[in-house]
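Chain by chain, the residues run as shown.
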Amino acid sequence: MNYKIMILSVWMVIEGVYGLSTDTLYITSTKGKGDYICDGKDDQIEINRALDKVVSDKKLTTVYLKGAMECIITEPILMSSNSKLLGDKSVKIKLKDNIGWNSPNKPLIGQKNSDGTVAWKNGKYGKGAVSNLEIAGFELSGGTQLESKGNYFVILINLYDPSNIKIHNMNLHDSRGDIIRFYGSDVGRANHLKVYNNLIKNSGHEGIYFIYPDTIEAYNNEIYSTRTNAGIRVSGGSNFSIYKNKIGNSLKQRSSGYAGILIDSSSAIDVGKAEIYNNYIYGKNGGVVLEAGKGFDSKETLNNVHIHHNKLLHIKSYSSESYLNGAIRINGFHNTLIEHNTIDDSDKDGIVYDEHRGIEGRGDGYKTIVRKNSISNCKGYAINNLNREIHQFILKDNRFKDNNSTYSK
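Structure report, in brief.

Rules of the game
Residues numbered from 1 in each chain as written. Predicted model: local features only at pLDDT ≥ 70, side-chain atom pairs only at ≥ 80, totals over all residues. Heavy atoms only, no water. Helix = DSSP H or I, 4+ residues; strand = E, 2+ residues; numbered from the N terminus. Buried < 20%, exposed > 50% of the residue type's maximum accessible area, 1.4 Å probe, protein only. Areas by Shrake-Rupley, 256 points an atom, 1.4 Å probe, with all protein chains shown as cover. Pairing = 2+ DSSP bridges. Core = buried A, V, L, I, M, F, W, Y, C linked by side-chain atoms within 4.5 Å. Axes fitted to C-alpha atoms, helices over the stretch in contact; angles between N-to-C directions. Phe/Tyr/Trp six-rings, centres within 6.5 Å; stacked < 30°, edge-to-face > 60°. Polar contact = N/O pair within 3.5 Å; in protein donor to acceptor, adjacent residues only side chain to side chain.

## Observations concerning the overall build of the protein
Counting its secondary structure elements, the protein contains 2 helices and 38 strands. Relative to its full complement of 409 residues, the protein shows a buried share of 57%. Per element, the accessible surface of the protein, about 17,500 Å² overall, is 47% carbon and sulfur.

Here's what the structure looks like:
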């Protein structure tokens, strides 16, 4: 009998039954028998030791959190390139309540930069980049903290100049700032990013925030109760697909946050292939917003965004902010194609073009194509053009029903 084959076969059975892998370090509670143990106190120490060992050993790829357990951290978890942090859904990593970090940009999960620093140190961005990361499977909580919401405190996942990143199948909640932030230090420096199949709720700022990204996808996420800003935001981005997300807020409460999906650019960065589709957005202050900064003519670069097959229901607005005035709002984007969307019960307009900061530097000849949409029960116009001197709507085969007014040319 070939004992080497027998031993290999037994090990393969063990791997299949217990989910073990030779390229993985396991972290368990004190009741388990992992390579490292979380005891509920300063657990970032053990997790970081495991992550450091993974990147120092070419045979290792992954740190796996095996549940059920709750890991309490008091300082960030720091990942390096070419590593994975995975876990069971019964695992919860939580920042200790009332820890008092009070340090901008400091995350629960961040990175080690190539120069050995951390990206959030002293509230300033670090040097270097991070690539080839996967974060998946477990729950991540910001706990109850003292810092005010809406600023840059207690970001759950914060990565700088990231590339080839996947974050998926997570339960992410209770930040004071963003839940997930990818920060590119220049155009396209955050690239090839995928965020999918996550539950994201109770953010202090953005749910998912991409800054200077290129080639990104956000899909199949459920994003609930973003306090200050958007469910998904892309700033200065190119080549993005945002689809099959559910983004909302309780209809029984005052709406929280800004748009469900916000695409904004303060300079003439070419958006490339850009698509927003099959999303369900409800109870937000604005549904889908395309917004260019003032002072430049953006027709040649911020163009051809395709918005289609979305459902935008019960979109609300702040009475004190007149530009939060439509389920789909466009300014400074050209040749946008809006088709096959369902819009119902908007507090103001269904679709609006609104250069609310003025048209200086914008040029003229902007157009938006609106076809085969269903727009109903809006308290304002179904279609509203607030800047006729520079912009034109091209309408075809839309269905309008029970809106306060149909069309403002």
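Here the narrative resumes.
## With respect to the pairing of strand S20 (residues 232–235)
Burial along S20 is two-sided: the face carrying Ile232 and Val234 and the face carrying Arg233 and Ser235 are both buried. The pairing of strand S17 (residues 208–211) with S20 spans 4 bridges and is classified as parallel. The residue bridging Ile208 from the neighbouring strand is Ile232, located in S20. As paired elements, S20 and strand S23 (residues 261–265) share 4 bridges and run parallel to each other. Within the sheet, the bridge partner assigned to Val234 lies in S23 and is Ile263.

## Looking at the nonpolar core
Phe138, Leu140, Ile180, Phe182 and Phe210 are the most contacted members of the largest nonpolar core, which has 85 residues in total. With 4 residues, the top contributor of residues to this core is helix H2 (residues 44–56). With 6 residues, the next largest nonpolar core counts Ala230, Leu262, Val289 and Leu324 among its residues.

## A look at the sheet that holds strand S31 (residues 342–344)
Sheet architecture is open: 12 strands sit in the order S4-S7-S10-S13-S16-S19-S22-S25-S28-S31-S34-S37, paired in parallel fashion. In this open sheet, the two edge strands, each paired with only one partner strand, are strand S4 (69–73) and strand S37 (399–401). On average, adjacent strands in this sheet sit at an angle of 10 degrees to one another, irrespective of strand direction. Of the pairings in the sheet, the one linking strand S10 (residues 139–141) to strand S13 (residues 171–173) comprises 3 bridges and is parallel in character. Considered in S13, the bridge of Ser141 is made with His173.

## Examining the packing of aromatic side chains
Centre-to-centre distance and the angle between the planes together describe a pair of aromatic rings. Per the counting criterion, the structure on display carries 7 aromatic pairs. On the basis of an interplanar angle of 15 degrees and a centroid distance of 5.3 Å, the ring pair of Phe182 and Phe210 is categorised as stacked. Remark: Phe210 occurs in strand S17 and Phe182 occurs in strand S14 (residues 180–183); sequence separation between them is 28 residues. There is no split in this pair, since Phe182 and Phe210 are both buried. With centroids separated by 4.9 Å and ring planes inclined at 5 degrees, the aromatic side chains of Tyr243 and Tyr277 adopt a geometry described as stacked. Residue Tyr243 is located in strand S21 (residues 238–243), and its partner Tyr277 is located in strand S24 (residues 274–277); the two are separated by 34 residues in the primary sequence. With respect to burial, Tyr243 and Tyr277 carry one shared label: buried. Within the aromatic cluster, the residues linked to one another by ring pairs are Tyr196, Tyr219, Tyr243 and Tyr277.

## Describing the environment of Thr24
Structurally, the position occupied by Thr24 is in strand S1 (residues 24–29). Thr24 gets classed as buried once you look at its relative accessible area, which sits at 11%. Engagement of the side chain of Thr24 in a polar contact is seen with the side chain of Asp23, the distance being 2.9 Å.

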